[in-house]
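Single-letter residue listing:
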Amino acid sequence: LRMNKDTQLIYEAYQINEQDTGFAQLIYEAIKLMSKTAYQINEQDTGLDTIWQDGDVKITIKDVLKMTDEPIEIDPNELNHLLIKTKRDPARVQAADLRFPLVVTSKGGQYTKILDGQHRLVKALQNKVGVKVRVLNLDNAPEEFQQMFS
């Protein structure tokens, strides 16, 4: 079990009062619930539940991440032309966490598409800061990836 600060404090309280079995069970259930909830929130907030589907072909963001290189930092202006032209919720842009890399595709050495991270890119552009990216190189990706993302 990975513990954040809150679960660590609860666990320490449990250790102090472990002779009280009712309290111990309550603490155990609280830690279990918090861990499950934190995982679910993390999955949703980080977009790890994102999928692309075309007929029988289904690719998850986790599948894509397995095929990408390690994150690199680039000037966000290199990706500006790939932004989907739409009005964005300023609160979502402000809340975007630049610690998480964008996921982009490349073909022939050129960036071709943003798979994940439109709000982060807008925030980086507004703040004039570099942005981390993970690149899915379609030149050597499996055929189903090439068809889905080209």
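Residues numbered from 1 in each chain as written. Predicted model: local features only at pLDDT ≥ 70, side-chain atom pairs only at ≥ 80, totals over all residues. Heavy atoms only, no water.

## Observations regarding the pattern of salt bridges
Summed over all chains, the structure comprises three salt bridges. When the shortest N-O distance is used, the salt bridge between Asp97 and Arg99 registers 2.5 Å. For Asp97, a relative accessible area of 23% translates into the label partly exposed. We classify Arg99 as exposed; its relative accessible area is 61%. Here Arg120 and Asp116 are joined by a salt bridge, their closest N and O atoms 2.6 Å apart. Taken as a pair, Arg120 and Asp116 share a single burial class, namely buried. (Salt bridge = Lys/Arg side-chain N within 4 Å of Asp/Glu carboxyl O. Buried < 20%, exposed > 50% of the residue type's maximum accessible area, 1.4 Å probe, protein only.)

## Some words on the sheet that holds strand S5 (residues 110–116)
Read from one edge of the open sheet, four strands run S3-S6-S4-S5, paired in mixed fashion. Because the sheet does not close on itself, it has two edges, and the strands there are strand S3 (72–74) and S5. Between one strand axis and the next, the sheet turns through 45 degrees on average, direction left out of account. Summarising the sheet, strand S4 (residues 102–107) and strand S6 (residues 131–137) pair through five bridges and their orientation is parallel. Pairing of Val103 across the sheet is with Arg134, part of S6. (Pairing = 2+ DSSP bridges. Helix = DSSP H or I, 4+ residues; strand = E, 2+ residues; numbered from the N terminus. Axes fitted to C-alpha atoms, helices over the stretch in contact; angles between N-to-C directions.)

## Some points on the packing of aromatic side chains
The way to describe two aromatic rings as a pair is by their centre distance and the angle between their planes. Taken as a whole and assessed by the stated rule, the structure comprises two aromatic pairs. Look at Trp52 and Phe149: their rings are 5.1 Å apart centre to centre, the planes differ by 90 degrees, and that puts the pair in the edge-to-face class. Remark: Phe149 occurs in helix H6 (residues 143–149) and Trp52 occurs in strand S1 (residues 51–54); sequence separation between them is 97 residues. You'll find Trp52 and Phe149 in the same group, each marked buried. Centroid distance Phe145 to Phe149: 6.3 Å. Interplanar angle 65 degrees. Geometry classified as edge-to-face. In this pair, Phe145 and Phe149 both sit in helix H6, four residues apart, roughly one turn of the helix. Per residue, the accessibility class of Phe145 equals that of Phe149, and both read buried. Here the aromatic residues Trp52, Phe145 and Phe149 are joined through ring pairs into a cluster of three or more. (Phe/Tyr/Trp six-rings, centres within 6.5 Å; stacked < 30°, edge-to-face > 60°.)

## A look at the confidence of the model for the chain
Atom-level detail of predicted coordinates should not be read off regions where pLDDT is low. Averaged over every residue, the pLDDT of the chain is 82; residues scoring 70 or more account for 68%. Scored below 50 in pLDDT, residues 36–45 shows five contacts in the model against residues more than four places distant or in partner chains. (pLDDT = per-residue confidence, 0-100. Contact = heavy atoms within 4.5 Å.)

## Quick notes on the pairing of S5
Where S4 meets S5, five bridges bridge the pair, whose relative direction is antiparallel. Residue pairing across strands places Val103 opposite Asp116, the latter belonging to S5. Once S4 ends, the chain turns through two residues before running back antiparallel as S5, passing Gly108 with a positive phi of about 60 degrees.

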